[in-house]
Amino acid sequence: MTENAATTSPVPERRRFAFDLKAASPFIALAALILLGAVVNPDFLTVSNLTNVVTRSAFIAIIAVGATFVIASGGLDLSVGSMAAFTAGLMILTLNKLGGAETSTLLMAMGVALMVAAACGLFNGLVVTVGKIEPFIVTLGTMGIFRSLVIFLAAGGTITLRDSGMREMYRPLYFGSVMGIPIPVIAILLVAGLGALLLYKTPFGRHVVAVGSNEDVARYSGVPVSRVRLLTYVIQGICVGIAVLIYVPRLGSATPTTGLLWELQAITAVVIGGTALRGGVGRIWGTVAGAVILELVANIMVFSNFVSEYLVGAVQGSIIIIAMLVQRSLQRAR
Amino acid sequence: MKHTMLKSLAIAGLAVGLAGAAHAQEKKNVTIAVSIPAATHGWTGGAVYHAEEAAKRLQQTHPGLKVIVKTSPDGASQANALDDLMAQKIDALVVLPFNSDELTNPVREVKKRGTFITVVDRGLKDASIQDIYVAGNNPEFGRVAGKYFADTLKQGNVVVLRGIPTVIDDERVTNFEKALEGSGVKVIDKQYANWNRDDAFRVMQDYLSKHPKIDAVWASDDDMALGVLEAIRQAKREDIKFVLGGAGMKEMVKRVMDGDKMIPVNVSYPPALVATAMNVTAAHFYGNAPARGTYVLNAELITKDNAKNYYFPDSPF
């Protein structure tokens, strides 16, 4: 709502403080989880483990930054998981087709991945805006379409990066680091930084939030509603593309189960981060915290010795709900 | 698997010979329908491939035979597909059911019309429906793997990655643990990784941070084994002696064949069992020999010496 504030009258000092607490609450939940992890198992609190967790959260975090735009504008995208699998499949097929282990080949395949993902997002956006169909239905449909296309491309098996030279050359993009910071983490920071700039500091960002809080009012105020919505889906697509760029070097393959349920994780990350599911509020950094929280909860489950593997899902669900309740009570308490 | 496979090949061979003889008297027209899950992951992809290959081969050897292969993405659509197939007047149905509960009744309906029924892999609730049952051996899959760990390691710490919570997974894991009993090999951790590479990578990374000494990993599936290997490579850990997957994915069988130290063996659970079922069913019509019964394919230990028998470079799996 600080975004709204920019367009309306200046906000009194006390309210601004309250909003800051609201924005900070996902991070407080994150800190509480780290504390919980340390209590559960002292080995949890090692640099290598925490680095692993943050690095692994990169795919969901980057996709969820895109989802923040879609959801803040009152939309929804259920197709991101299938889209990621489809894009990864096409990217690997391109690499296999071109062959060799040159940088130019890799750059070309990366370009293909970004373009495919952006086109998928554009398609979603066009059906939603021009076709005037509920985003839930549109993206549920494309979720099935993209998923089947991967299965078709893989003939039910696995699409694997064949050239081992290329595999070794590309591998550092997931496993490498710059000054001790893993490259996927740098990617999260860059994408989230750009996302925050776009959402908080540009007219487009204010339009996104305006469309999400009240479409009619936005339209009467001269906001190009359809164009704004269309662009949010394209941004979502590009984010999926970027996530794929760092997903492919990890295992060098795409399977029909790649990206399964990522859409739910991305939406969960967005909501944990404080973005309203009904639109009108968007919080980029909260979203990133949300993605890390999700990965952290799964990590703590493996580290705990007393939760039976049959109950992991139940405990995971409870932790997420409790974390949200704690956040809410913090916000009410001011 | 080899023995049963040989047996069924022998039956099929016999069938070819006899069919040649029978052919002179009358050209026998038979339609066999094959209903299997669509290729939604590696193993079912392999099943579809082998079913289509077997259909081609069988139609060549038996001129009067028609084989219809139909894949379905879920249990409900498979039930519908069975209705459609019934309408086409079929003599036999080879079915790999999505799940036992949902498909028992639809298959019974097909049976009521006098159709010959062959059930593959997942059994129906009512065993009296089937004329032939061809199955892989899940308890054996776990036992063979467990025995390999007990024999090779003698003692040490093992971590286990489980599949998706199902009867299949349960049978495999309980028998794996049973086979370890009495040996010095200890399972220090087990978690679900859903037969998925990415989940296996995540769980293995966490195992590596959590346990300072791991002697070997039972990934219980080749897809998961690939994720595990990548996590080990990243952590640069030298304590892990080997990783055992399972199901006989071609890439993994290749590594066994090449003598990869991290992948010394594999355990078979061949998607080609659909093809075995189709061969036996065809033999029932053309073989003039009894074919009714239950065929359990062994879960065999694939080693460097016999790996080439399990290597199908053209299969997607």
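Please refer to the structure placed before this passage.
On a predicted model such as this, the values are computed, not experimentally measured, just so you know.

**Student:** Describe the overall build of chain A, listing the residues and the values that go with them.
**Tutor:** Within chain A one finds 16 helices and four strands. For chain A, the spread of C-alpha atoms along the three principal axes comes to 60 × 55 × 40 Å. Across the 334 residues in chain A, those meeting the buried criterion constitute 54%. Sequence-distant contacts, at least 24 apart, represent 80% of the contacts inside chain A between residues at least 6 apart. Put simply, chain A shows about 14,300 Å² of open surface, and 69% of that area lies on carbon and sulfur atoms. Measuring between centres, the 22 positive side-chain charges of chain A sit 8 Å from its 14 negative side-chain charges.

**Student:** Tell me about empty space enclosed by the protein, and please be specific about residues and values.
**Tutor:** Residue and element names in this part refer to chain B. What the rule picks out here adds up to three cavities of 30 Å³ or more. Taken as a whole, the largest cavity spans an internal volume of roughly 130 Å³. Along the walls of the largest cavity sit 15 residues, with G248, P270, P271, Y310 and F312 positioned nearest its centre. Here the residues of the lining of the largest cavity sort into 10 nonpolar, four polar and one charged.

**Student:** Give a description of the interface of chain B and chain A that names residues and reports values.
**Tutor:** Counting from both sides, the interface comprises 29 residues of chain B and, opposite them, 36 residues of chain A. Taking both partners together, chain B and chain A bury about 2,700 Å²; carbon and sulfur atoms supply 46% of that area. The residue E230(B) makes a salt bridge to R171(A) at a minimum N-O spacing of 2.7 Å. Connecting chain B to chain A are 16 residue pairs in polar contact (both at pLDDT 80 or more). Here the side of chain B that touches chain A takes nine residues from helix α7 (residues 197-210) of chain B, the largest share from any one element. Here the side of chain B that touches chain A is composed, by residue class, of six nonpolar, 10 polar and 13 charged.

**Student:** Tell me about the layout of surface pockets, and name the residues and values.
**Tutor:** Residue and element names in this part refer to chain B. Quantified by volume, the second largest pocket comes out at close to 880 Å³. For the lining of the second largest pocket, the leading source of residues is helix α8 (residues 222-235), giving four residues. Each residue belonging to the lining of the second largest pocket can be placed in one class, and the counts come to 11 nonpolar, seven polar and 12 charged.

**Student:** So what about the packing of aromatic side chains? Which residues, and what values?
**Tutor:** Inspection of every chain in the model, using the stated rule, returns 17 aromatic pairs over all chains. Ring centres of F175(A) and F201(B) lie 6.2 Å apart, and the angle between their planes is 65°; on these two criteria the pair is classed as edge-to-face. Note that F175(A) is positioned in helix α9 (residues 172-175) and F201(B) in helix α7, a pairing that runs across two chains. Take F201(B): its relative accessible area is 0%, and that puts it in the buried class. A ring pair is formed by Y148(B) and F242(B), whose centres lie 5.4 Å apart and whose planes are at 75°; its orientation type is edge-to-face. Residue Y148(B) is found in helix α5 (residues 138-153), and its partner F242(B) is found in strand β9 (residues 242-244); the two are separated by 94 residues along the sequence. Assigned by exposure class, Y148(B) and F242(B) land together as buried. One aromatic cluster is present, formed by F59(A), Y174(A), F175(A), Y247(A), W262(A) and F201(B) through successive ring pairs.

**Student:** Please set out the sheet that holds strand β5 (residues 132-135) of chain B residue by residue, giving values where relevant.
**Tutor:** Residues and elements named next belong to chain B. The strand order across the open sheet formed by six strands is β2-β1-β3-β4-β5-β11, and the pairing between neighbours is parallel. Looking along the sheet, the strands with just one partner apiece sit at the ends: β2 (65-72) and β11 (293-296). Put simply, the sheet's adjacent strands are angled 15° from each other on average, direction ignored. Bridge count for strand β1 (residues 30-37) against strand β3 (residues 92-95) is four bridges, and the pairing is parallel. By the bridge assignment, V34 is partnered in β3 with V94.

**Student:** Tell me about the environment of V138(A), and name the residues and values.
**Tutor:** All names here are of chain A. The residue V138 is located in helix α7 (residues 135-154) in this model. Sequence spacing of V138 and L76 is 62 residues, and the spatial spacing of their C-alpha atoms is 9.4 Å. Once residues lying within four places of it in the same chain are set aside, the contact partners of V138 are N124, V127, V128 and I133.

**Student:** Any chance you could break down the side chain of K250(B) for me, citing the residues and the numbers?
**Tutor:** One can find K250(B) in helix α9 (residues 250-257). Beyond its immediate chain neighbours, meaning those up to four positions away, K250(B) contacts Y311(B), F312(B), P313(B), S315(B), P316(B) and F317(B).

**Student:** Let's hear about the packing of helix α5 (residues 80-98) of chain A against α7(A): which residues, and what values?
**Tutor:** All names here are of chain A. For the pair α5 and α7, the least separation of the axes is 8 Å and the interaxial angle reads 30°. By the angle between their directions, the pair α5 and α7 is classed as roughly parallel. Between α5 and α7 lies a crossing of left-handed hand. Contact residues: G81, S82, M83, A85, F86, L90 and L93 in α5; M143, F146, R147, L149, V150 and L153 in α7. Residue composition of the contact of α5 with α7, grouped by class: 10 nonpolar, two polar and one charged.

**Student:** Before we move on, could you go through the pattern of salt bridges and cite the residues and values that matter?
**Tutor:** Residue and element names in this part refer to chain B. This model, assessed by the stated rule, comprises 26 salt bridges over all chains. The partner of K111 in a salt bridge is D131, with the nearest N and O atoms 3.0 Å apart. Linking K111 in helix α4 (residues 100-112) with D131 in the loop between β4 (116-120) and β5, this pair joins segments that are 20 residues apart in sequence. Owing to a relative accessible area of 26%, K111 belongs among the partly exposed residues under this scheme.

Definitions and cut-offs
Residues numbered from 1 in each chain as written. Chains lettered and ligands numbered in written order. Predicted model: local features only at pLDDT ≥ 70, side-chain atom pairs only at ≥ 80, totals over all residues. Heavy atoms only, no water. Helix = DSSP H or I, 4+ residues; strand = E, 2+ residues; numbered from the N terminus. Buried < 20%, exposed > 50% of the residue type's maximum accessible area, 1.4 Å probe, protein only. Contact = heavy atoms within 4.5 Å. Areas by Shrake-Rupley, 256 points an atom, 1.4 Å probe, with all protein chains shown as cover. Lys, Arg positive; Asp, Glu negative; His and termini not counted. Charge placed at Lys NZ, Arg CZ, Asp CG, Glu CD. 1 Å grid on protein atoms, 1.4 Å probe; cavity = no way out; pocket = protein on both sides within 12 Å on 5 of 7 lines; lining within 4 Å. Points joined across faces, edges and corners; volume = space filled by probe spheres on them. Nonpolar A, V, L, I, M, F, W, Y, C, P; charged D, E, K, R; others polar. Buried area = accessible area lost by both parts, 1.4 Å probe. Salt bridge = Lys/Arg side-chain N within 4 Å of Asp/Glu carboxyl O. Polar contact = N/O pair within 3.5 Å; in protein donor to acceptor, adjacent residues only side chain to side chain. Phe/Tyr/Trp six-rings, centres within 6.5 Å; stacked < 30°, edge-to-face > 60°. Pairing = 2+ DSSP bridges. Axes fitted to C-alpha atoms, helices over the stretch in contact; angles between N-to-C directions. Parallel < 35°, antiparallel > 145°, perpendicular 65-115°, else oblique. Left-handed = near helix turned anticlockwise from the far one by under 90°.

Nothing here speaks to function; it is geometry throughout.
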